[in-house]
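The lines below spell out each chain.
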Amino acid sequence: MHVKRKSISTKVSITGIGLHSGIYTKVELHPAHAGSGITFVRADLGIRIPALQASTTALDHATTVGRDDVSVGTVEHLLSALMACGITDLDVHINGPEVPIIDGSALPFMHLIDAAGVRELGADVRVLRVKEPIEVVDGNRSIRMTPSNRLVVKYKIDFDHPTIGKQALAFDFHHDSFLKKIAPARTFGFKQDVDKLRAAGLARGGSIENCIVLDDSGVMNGPLRYRDEFVRHKILDLIGDLALIGRPVVGEITAYRAGHSLHSRFVEKILRAAEAEEDSVLIGAAAAESFA
């Protein structure tokens, strides 16, 4: 199963503050040629970092990719939007250490890609499709994928908080439904955790403008965009982390109380399974050729 490789038609940019670093950065999306993949380019340092699982360097509260002690943090919201738009080849120029949080969702990036225009490239990319179930379990947290001819995400969360509690959503991945149901869902945090993060030098750019903040009784900066905005944002994060596979993927995913760390382990397991499968195909082809 293959799909067309895609990039954007023209350069576009967006500027904002980093959620954790508190540093203002400019992000420019540049068209790229077929087969180049999605690459973060630290424009201030001249370092290119492939948006691949092998580049992942940190998963504390966000997904970070890096190379040679240079990194780009909070990449998941942008990657989620790129995956929803089918973008396979793109250079993301950034002049700082973190992708701007903007409003805490993927919607601004969807609008940015729409403004740039999406164009098909003269090449195909093979879709990764698992043949056997893949699962990662960590205590009462889990994530599992079973074979399917499309990408479906079923996510459940359970927070001991009156506003969140237990939430579940099944999402059939498609650009239009992502734009309407998932992209606007914002990141969220608890006031006591935000205070601790700031004491540790994180969440310096977090504010009521770019993050849902909850105290013990409820949302401090409502209203919510959806009653179940929290589980929708978890799906957004997962899709962004799946983008680090480096090519489209199909399967039915069931996640329970997962997060960036478990998503990362899951992606690693998918890639190992795909590599083993492709190795067996190559070995089989070589064996068949030797008997020809």
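Coordinates for the structure precede this section.
Fair warning: this is a prediction, and the values are worked out from it, not measured in the lab. All chains use their own residue numbering, which begins from 1 and follows the written sequence. Only residues with pLDDT of 70 or above have their local features reported here, since the model is predicted, and side-chain atom pairs are shown and tallied only from 80 upward, although totals for entire chains, interfaces and linings are computed over all residues. Think of the side-chain values as coming from all heavy atoms in the structure, minus any hydrogens and water.

Asks: Please provide a residue-by-residue account of empty space enclosed by the protein, values included.
Replies: Rolling a probe over the atoms, with the probe sized like a water molecule, indicates the empty space that remains. Only protein atoms enter the 1 Å grid used here. Points where a 1.4 Å probe fits but cannot escape make up a cavity, open sets with protein on both sides within 12 Å along at least five of seven lines make up a pocket, and a residue lines them when an atom lies within 4 Å of a point. Grid points are joined across faces, edges and corners, and a volume is the space filled by probe spheres set on the points. The tally for this structure, following the rule as stated, stands at 1 cavity of 30 Å³ or more. There is about 30 Å³ of room inside the largest cavity. Lining the largest cavity are Gln53, Thr56, Leu59, Thr63, Asp241, Leu244, His260, His263, Ser264 and Val267. Per element, the largest residue contribution to the lining of the largest cavity is 4 residues, and it comes from helix 6 (residues 260-290). Secondary structure elements follow DSSP: runs of H or I no shorter than four residues count as helices, runs of E no shorter than two count as strands, and numbering proceeds from the N terminus.

Asks: Report on the pattern of salt bridges, specifying residues and quantitative values.
Replies: Pairs may arise between side chains of opposite charge once their charged atoms sit close together. The salt bridge criterion pairs a side-chain nitrogen of Lys or Arg with a carboxyl oxygen of Asp or Glu, the two atoms within 4 Å. Counted under the stated rule, the structure contains 15 salt bridges. Here Arg5 and Asp89 are joined by a salt bridge, their closest N and O atoms 2.8 Å apart. Here Arg5, found in strand 1 (residues 2-8), pairs with Asp89, found in the loop between helix 1 (76-84) and strand 9 (90-94); they are 84 residues apart in sequence, far enough to count as distant. Across the salt bridge formed by Glu252 and Lys154, the nearest N and O atoms sit 3.1 Å from each other. Placement of the pair is Glu252 in strand 18 (residues 249-256) and Lys154 in strand 14 (residues 151-159), with a sequence separation of 98 residues. A 1.4 Å probe rolled over the protein chains alone gives each residue an accessible area, and that area as a share of the maximum for its type sets the label: buried under 20%, exposed over 50%, partly exposed in between. Accessibility expressed as a relative area gives 27% for Glu252, which makes it partly exposed.

Asks: Describe in detail the layout of surface pockets, supporting the description with residues and values.
Replies: Here the largest pocket is characterised by a volume of approximately 1,000 Å³. In terms of lining, the largest pocket is formed by 41 residues, of which the most central are His61, Thr187, Phe188, Gly189 and Lys234. Every element with two or more residues in the lining of the largest pocket is listed here: helix 1, strand 14, strand 16 (188-190), helix 4 (191-199), helix 5 (229-242) and helix 6. For the lining of the largest pocket, the leading source of residues is helix 4, giving 6 residues. Only Asp, Glu, Lys and Arg are considered charged in this grouping, and only Ala, Val, Leu, Ile, Met, Phe, Trp, Tyr, Cys and Pro are considered nonpolar; every other residue, Gly among them, is considered polar. Residue classes in the lining of the largest pocket are distributed as 16 nonpolar, 13 polar and 12 charged. The space that makes up the second largest pocket amounts to roughly 730 Å³. For the second largest pocket, the lining is made up of 34 residues, of which Val3, Met83, Gly86, Thr88 and Pro248 are closest to its centre. When residues of the lining of the second largest pocket are traced back to their parent elements, those giving at least two are strand 1, strand 4 (38-42), helix 1 and strand 18. For the lining of the second largest pocket, a count of residues per class yields 20 nonpolar, 9 polar and 5 charged.

Asks: So what's going on with the nonpolar core? Which residues, and what values?
Replies: In these notes, a set of buried Ala, Val, Leu, Ile, Met, Phe, Trp, Tyr and Cys residues joined through side-chain atoms within 4.5 Å is what counts as a nonpolar core. Counting residues in each nonpolar core, the largest one holds 72 residues, and the members touching the most others are Leu29, Phe40, Leu79, Tyr155, Phe178, Leu242 and Phe266. Excluding its chain neighbours within four sequence positions, the residues that come into contact with Tyr155 are Gln167, Ala168, Leu169, Val231, Lys234, Ile235, Leu238, Ala255, Ala258, Gly259 and His263. Any two residues whose heavy atoms approach within 4.5 Å are treated as being in contact.

Asks: Help me get a handle on the side chain of Asp241, residues and values and all.
Replies: Along the chain, Asp241 turns up in helix 5. Non-local contacts of Asp241, meaning those with residues more than four positions away in its chain, are made with Thr63, Glu76, His260, His263 and Val267.

Asks: How would you sum up the packing of helix 3 (residues 175-182) against helix 5? Please name residues and give values.
Replies: Closest axis-to-axis distance for the helix 3/helix 5 pair is 10 Å, and the angle between their directions is 135°. Looking at the two axes, helix 3 sits oblique to helix 5. Taking contact as the criterion, the partners of Phe178, Lys181 and Ile182 in helix 3 are, on helix 5, Arg232, Ile235, Leu236 and Ile239. Grouping the amino acids of the contact of helix 3 with helix 5 by side-chain chemistry returns 5 nonpolar, no polar and 2 charged. Lines are fitted to the C-alpha atoms to define the axes, a helix being fitted only along its stretch in contact, and any angle between axes, read from their N-to-C directions, falls within 0 to 180 degrees. In these notes the angle categories are as follows: under 35 degrees is roughly parallel, over 145 is roughly antiparallel, 65 to 115 is roughly perpendicular, and the rest is oblique.

Asks: Could you give an account of the sheet that holds strand 2 (residues 12-17), with specific residues and numbers?
Replies: Should DSSP find at least two bridges between two strands, the strands are regarded as paired. If you trace the 5 strands from one edge of the open sheet to the other, you get 2-3-9-4-5, paired in mixed fashion. Looking at which strands have only one partner, the edges of the open sheet turn out to be strand 2 and strand 5 (47-50). Pairwise comparison of adjacent strand axes, ignoring direction, gives a mean angle of 25° for this sheet. The pairing of strand 4 with strand 5 spans 4 bridges and is classified as antiparallel. Residue pairing in the sheet places Thr39 in a bridge with Pro50 of strand 5. Contacts from helix 1 reach strand 3 (24-31), strand 4 and strand 9 within the one sheet, and its direction differs from that of strand 4 by about 145°. Sheet strands in contact with helix 2 (residues 107-116) are strand 2 and strand 3, and its direction is about 160° off that of strand 2.

Asks: I'd like to hear about helix 3, residue by residue, with values.
Replies: For helix 3, every residue scored as buried is listed here: Ser177, Phe178 and Ile182. End-on, the buried residues of helix 3 take up no more than an arc of 105°, which puts them together on one face. Away from the buried face of helix 3 by more than 90 degrees, exposed residues Asp176 and Lys180 are located. As for helix 3, its buried residues are in contact with helix 1, helix 2, strand 15 (165-172) and helix 5. It is the directions from the helix axis to the C-beta atoms whose arc is reported.

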